Amino acid sequence: AMLVDARLVKLLEIPAEEYADLRLFDLKPERIVRLSVNTPGMEEWDLSRVQEGVFRFLKPQRMQHVELAQVAIEFYLYAVTSMRSPEFLQNQEALKDPLPEKLLEVQIWSEGEDKPEQLVIYHQLETAEFGPFVAYSSRQNGYLTVPAAKVQQLGNSLLSLRNHPVLPQGIGQVDRVM
């Protein structure tokens, strides 16, 4: 009989699904040079890194002069690049034809890459009233589920990325508030 270390036994007890890499993107936020979010029926927005830590709108054109909240963009990029799916869709064949309507498409270009990584979120299946959304990630082989809260996070509106301070001066420059 061979004795097995208790730590190894604990690892062997974990279901195989726990070891699956279900990240939707395989990117480092600091290497992202461009981000595009398209929601059918709404305005597409496209951001480009113009220098270290500074993004600007490419689209819509009317927003190109708008100053962006760089901290909000960095947080968005971190949230997107760390996003994981809880699981692959159980019944892949049932989804193939026809696919639900496209809800959201995210494309992210990384430094030195010609093609973006892509994530397409589809409307929920008719059978899932408040269940997860269905997604296809260019990094995964198959359809995945994505919780509604994460879809909402991905669809962050461009207005929330604008720099709109409450005070016209930095907080350290305020002497008093009346």
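So, here's what we can say about the structure. Note that this is a predicted model, so its numbers are computed, not measured.

## Observations concerning the overall build of the chain
Helix and strand content of the chain: 4 helices and 7 strands. For the chain, the sequential pattern of α-helices and β-strands runs α-β-β-β-α-α-β-β-β-β-α. Burial status across the chain gives 35% buried among its 178 residues. In the chain, the proportion of contacts linking residues at least 24 apart, taken out of those at least 6 apart, comes to 53%. With the model as given, the accessible surface of the chain reaches about 12,000 Å², and the carbon-plus-sulfur share is 53%.

## Brief notes about the sheet that holds strand β3 (residues 54–59)
Strand pairing in a sheet relies on backbone hydrogen bonds, with the paired strands running either antiparallel or parallel. If you trace the 7 strands from one edge of the open sheet to the other, you get β3-β2-β1-β4-β5-β6-β7, paired in antiparallel fashion. Since the sheet does not close on itself, it has two edges, and those belong to β3 and β7 (143–146), each with one partner. Along the sheet, successive strands turn relative to each other by an average axial angle of 25°, direction set aside. Strand direction decides the pairing type here: strand β1 (residues 32–38) and strand β4 (residues 102–110), joined by 6 bridges, are antiparallel. When the bridges of β4 are listed, isoleucine 32 appears paired with serine 110.

## Regarding the pattern of salt bridges
Tallying each qualifying case throughout the model produces 11 salt bridges. For arginine 139, the salt bridge is made with aspartate 21, and the minimal N-O distance between the two is 2.9 Å. Of this pair, arginine 139 sits in the loop between β6 (133–137) and β7 while aspartate 21 sits in the loop between α1 (6–13) and β1, placing them 118 residues apart in sequence. Judged by its relative accessible area of 34%, aspartate 21 is partly exposed. As a salt-bridge pair, aspartate 46 and arginine 34 come within 2.7 Å of each other at their nearest N and O atoms. With a gap of 12 residues between them, aspartate 46 in strand β2 (residues 45–51) and arginine 34 in strand β1 connect regions that are remote in the sequence. Judged by its relative accessible area of 27%, arginine 34 is partly exposed.

## What about the packing of aromatic side chains?
Using the criterion set out here, one finds 3 aromatic pairs in the structure. Among the aromatic residues, those joined into a cluster by ring pairs are Tyr122, Tyr136 and Tyr143. When the ring centre of tryptophan 109 is taken as reference, the NZ or CZ atom of arginine 34 above it lies at 4.1 Å.

What counts, and where the lines are drawn
- Residues numbered from 1 in each chain as written.
- Predicted model: local features only at pLDDT ≥ 70, side-chain atom pairs only at ≥ 80, totals over all residues.
- Heavy atoms only, no water.
- Helix = DSSP H or I, 4+ residues; strand = E, 2+ residues; numbered from the N terminus.
- Buried < 20%, exposed > 50% of the residue type's maximum accessible area, 1.4 Å probe, protein only.
- Contact = heavy atoms within 4.5 Å.
- Areas by Shrake-Rupley, 256 points an atom, 1.4 Å probe, with all protein chains shown as cover.
- Pairing = 2+ DSSP bridges.
- Axes fitted to C-alpha atoms, helices over the stretch in contact; angles between N-to-C directions.
- Salt bridge = Lys/Arg side-chain N within 4 Å of Asp/Glu carboxyl O.
- Phe/Tyr/Trp six-rings, centres within 6.5 Å; stacked < 30°, edge-to-face > 60°.
- Lys NZ or Arg CZ within 6 Å of the ring centre and 35° of its normal.

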